[in-house]
Amino acid sequence: MQTTISLNDYLYQENDTIETGSRPAHQVTGIFRTCTWWIIKLRIFYFTCIILRSPQKILDIYKRMLSLRSNVWGGDLKKLYHIGNKFYFNQYTPGWPSKAYDDLIKSELRRQAAPLDTKERLSFVFLAITRKCPMRCEHCFEWDNLNLSESFTLDDLYKVVDIYQKEGVLQIHFSGGEPMVRYKDLVKLVRYTSKKTGCWVLSSGFNVTPQTARELKEAGCKGMVISIDHYLPNRHNAFRGKEGSFVQAVKAVKYAQEAGMVTSISVCATKEFLDGKHLMPYMEFARDLGVQFVQVLEPRQVGHYAGKEVHLEDAHIGLLEKAFTTINHHPSYSQYPTMLYHGYHQRRVGCFSGSRSVYVDSAGDVHACPFCHTKSYNIIELVRGEGKALPQKENACPRFGKIA
Ligand code: SF4
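- An unreviewed UniProt entry annotates the chain as Radical SAM superfamily enzyme, MoaA/NifB/PqqE/SkfB family originating from Flavisolibacter ginsengisoli DSM 18119.
- Its UniProt record gives the chain a comment under Cofactor (unreviewed entry), which states: "[4Fe-4S] cluster".

Laid out in structure tokens, this is it:
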């Protein structure tokens, strides 16, 4: 594979210089990786045995777990990263070893063993903490909520965290609007939340400096997802509606890495992006940036894209699926970051949203995910009400249905 894209070339165009690595930082390779994966799988098998007890069930459910994993990753994912004292293979799975990782496995085992048992709880929440944002993104799913007066006080946000922690939530990703607009509250919230729950921050890169990245890490933030929608600065800036946002985003990745966080970049793969053959150059750019994960999102007709012809066609989906399986599994691409593409498993086994995770938008409305506006309740009414219980969440993905 020829490298055609050099990150520094692009930065040079904007008269800036940032040192980059040539492969995902902290990637685990060789015998160390093989042994670690075996230990992880044996631990899953151990939990299968102690939870299910009956030999037939153990075998069936263990096989079902492996099959689900294979459908989610398009095969037996081997890519693994060692950051801090934890191993990561997915930005939506707690690092291993940890109680949070074990709890996730146990919960999934019980769910697979008894899919109709509604006692299993949410494990993941996206929480939009602010309506403020300096960007004007083409695909923004929060478009109708943006830049109005804030819905959540800091005290509301603490109470929201309390509610979901009681639910057993293992990871909270703080988003917005732009969560770094509300930086002081964000740090307090991360410090408060991270005692019990893994915290990540989703940002455009705004206000991410060496100091803010370090403070977030010290407060307990595990990782950052930075939105970068193109490897060409002018295309990214146009997509985001803001000059200079590309350099800001790239710097944010670097600062998060220097602070010791797991890093991911997120891209909305539009028809123009895919038709223009930008996916592989983008993956090369991500590799040179040294991030562990690349999240590729499909455009959806919500927010700023509502009513627009943005849904991908079959050829685009085929291209994404091919890139997803190749980059994650072919030895020639071992130095590329792990690619996350939810459309792959959604079209095969359904969607995790609604049953395992929810999206709390910046008005407090709770949906299955950022891209399916399926409001089932408002969390602000709940936290300000007297002793109201969290409603049964069954706002499953209306497009792909839920995973058993
Ligand atoms: S997508 Fe995110 S960064 Fe872009 S305008 Fe919407 S809230 Fe802001």
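Read on, since the account is not over.
## Let's talk about the site of the ligand
Next up, step 1: Around the ligand, the surrounding shell consists of Cys133, Met135, Cys137, His139, Cys140, Leu146, Gly177 and Arg240.
Next up, step 2: Split by residue class, the shell around the ligand holds five nonpolar, two polar and one charged.

## Some remarks on the nonpolar core
The nonpolar side chains of a soluble globular protein tend to be buried with one another.
Next up, step 1: Counting residues in hydrophobic clusters, the biggest one holds 110 residues, and the most contacted among them are Leu127, Tyr164, Leu216, Ile228, Ile265 and Ile379.
Next up, step 2: Among the elements that make up this core, the one with the highest residue count is helix 9 (residues 245-258) (eight residues).
Next up, step 3: Each of two domains, domain 1 (7-20 + 119-384) and domain 2 (30-113), supplies a minimum of three residues to this core.
Next up, step 4: Those residues in contact with isoleucine 379, other than ones at most four positions away along the chain, are Phe152, Val160, Ile163, Tyr164, Val360, Gly364, Val366 and Leu390.
Next up, step 5: Counting eight residues, the second-largest nonpolar core is a separate cluster that includes Cys351, Cys369, Cys372 and Cys397.

## Notes on the sheet that holds strand 6 (residues 221-227)
Next up, step 1: As summarised here, the arrangement of the 10 strands in space is 9-8-7-6-5-4-3-10-11-12, forming an open sheet in which the pairing is mixed. Where the open sheet ends on each side, the last strands, each with one partner, are strand 9 (338-340) and strand 12 (377-378).
Next up, step 2: Sheet topology places strand 3 (residues 124-128) next to strand 4 (residues 171-175); five bridges connect them, and they run parallel. Bridge pairing in strand 4 links alanine 128 to serine 175.
Next up, step 3: Sheet strands touched by helix 9: strand 6 and strand 7 (262-268). Its angle to strand 6, the strand with the most contacts, is close to 165°.

## Here's the deal with helix 6 (residues 183-193)
Next up, step 1: Within the span of helix 6, buried status applies to Tyr183, Asp185, Leu186, Val187, Leu189, Val190 and Thr193.
Next up, step 2: Contacts made by the buried residues of helix 6 are with helix 5 (154-166), strand 4, strand 5 (198-203), helix 7 (210-219) and strand 6.

Rules and cut-offs
Residues numbered from 1 in each chain as written. Predicted model: local features only at pLDDT ≥ 70, side-chain atom pairs only at ≥ 80, totals over all residues. Heavy atoms only, no water. UniProt positions renumbered as here; feature names shortened; annotations may be inferred. Near = heavy atom within 4 Å. Nonpolar A, V, L, I, M, F, W, Y, C, P; charged D, E, K, R; others polar. Core = buried A, V, L, I, M, F, W, Y, C linked by side-chain atoms within 4.5 Å. Buried < 20%, exposed > 50% of the residue type's maximum accessible area, 1.4 Å probe, protein only. Helix = DSSP H or I, 4+ residues; strand = E, 2+ residues; numbered from the N terminus. Domains from an automatic or database assignment. Contact = heavy atoms within 4.5 Å. Pairing = 2+ DSSP bridges. Axes fitted to C-alpha atoms, helices over the stretch in contact; angles between N-to-C directions.

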